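# Commentary on secondary and tertiary structure
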Amino acid sequence: MKVTKPPSGLVSAHPAGLPAVGSAGAKGFADKLARASGSGKTRTATATQPAAHAGSMPAVADIAKALKAGQITPQAALDRVVELVVSRRVGPKGPAAVREKLGAALRQTLEDDPMLAAKIRALDEG
């Protein structure tokens, strides 16, 4: 299949069959989202508003602090991170078989991926 370049110059004509789109900008987009969600209030993302999944970050940060302080080994830190991921994905009351399978898959991926394996070796060396 041959791919050709588009014609040079700007296309000024509006394509037929498509509705015209106005430029509302970021504020207009936030207003539209607020109206669509029914809240009536606009909410803009700021650095002080964490993402929905950011609840896992303090636990990972705590594991990193303990590792840097020499309180745990790199292997223990890795095990804790895997368990944290499994708990977040499956839930604390998830089926044991699913938890074990996911944990094993994560560990296998960490071993098989050359880049991740190199980073883990660097933890053991550092």
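Everything quoted here is computed from the prediction, not taken from an experiment. (Residues numbered from 1 in each chain as written. Predicted model: local features only at pLDDT ≥ 70, side-chain atom pairs only at ≥ 80, totals over all residues. Heavy atoms only, no water.)

### Things to note about the overall build of the protein chain
Regarding its fold elements, the protein chain presents five helices and zero strands. Along the protein chain, helices (α) and strands (β) appear in the sequence α-α-α-α-α when read from the amino end. Burial analysis of the protein chain (126 residues in total) assigns 16% to the buried set. Long-range contacts, defined as pairs at least 24 residues apart, comprise 29% of the intrachain contacts of the protein chain with a sequence gap of at least 6. Total accessible area on the protein chain stands at roughly 10500 Å², and carbon and sulfur atoms take up 61% of it. (Helix = DSSP H or I, 4+ residues; strand = E, 2+ residues; numbered from the N terminus. Buried < 20%, exposed > 50% of the residue type's maximum accessible area, 1.4 Å probe, protein only. Contact = heavy atoms within 4.5 Å. Areas by Shrake-Rupley, 256 points an atom, 1.4 Å probe, with all protein chains shown as cover.)

### Brief notes about the side chain of R99
Structurally, the position occupied by R99 is in helix α4 (residues 96–112). Engagement of the side chain of R99 in a polar contact is seen with the side chain of S87, the distance being 3.2 Å. Excluding its chain neighbours within four sequence positions, the residues that come into contact with R99 are E83, V86, S87, V90, G91, P92 and G94. (Polar contact = N/O pair within 3.5 Å; in protein donor to acceptor, adjacent residues only side chain to side chain.)

### Brief notes about the packing of helix α3 (residues 74–90) against α4
Across the interface, α3 lies against α4 with an axial gap of 10 Å and an inter-helix angle of 135 degrees. Put simply, α3 runs oblique to α4. You can see that α3 and α4 cross each other, and the crossing is right-handed. The residues of α4 that touch α3, namely those facing L78, D79, V82, E83, V85, V86, S87, R89 and V90, are V98, R99, L102, G103, L106, R107 and L110. (Axes fitted to C-alpha atoms, helices over the stretch in contact; angles between N-to-C directions. Parallel < 35°, antiparallel > 145°, perpendicular 65-115°, else oblique. Left-handed = near helix turned anticlockwise from the far one by under 90°.)

### Considerations on the packing of α4 against helix α5 (residues 114–125)
Two numbers describe a pair of packed helices, the interaxial angle and the distance between the axes. Closest axis-to-axis distance for the α4/α5 pair is 5 Å, and the angle between their directions is 85 degrees. One element, α4, and the other, α5, form an angle in the roughly perpendicular class. Facing T109, L110, E111 and D112 of α4, the residues of α5 in contact are P114, L116, A117 and I120. Grouping the amino acids of the contact of α4 with α5 by side-chain chemistry returns five nonpolar, one polar and two charged. (Nonpolar A, V, L, I, M, F, W, Y, C, P; charged D, E, K, R; others polar.)

### Brief notes about the layout of surface pockets
The volume enclosed by the largest pocket comes to roughly 370 Å³. In this structure, the largest pocket is lined by 17 residues; those nearest its centre are L78, V81, L110, I120 and L123. Elements with a minimum of two residues in the lining of the largest pocket: α2 (57–68), α3, α4 and α5. A total of six residues in the lining of the largest pocket trace back to one element, the largest contributor, which is α3. Residues belonging to the lining of the largest pocket are distributed by class as follows: 15 nonpolar, one polar and one charged. (1 Å grid on protein atoms, 1.4 Å probe; cavity = no way out; pocket = protein on both sides within 12 Å on 5 of 7 lines; lining within 4 Å. Points joined across faces, edges and corners; volume = space filled by probe spheres on them.)

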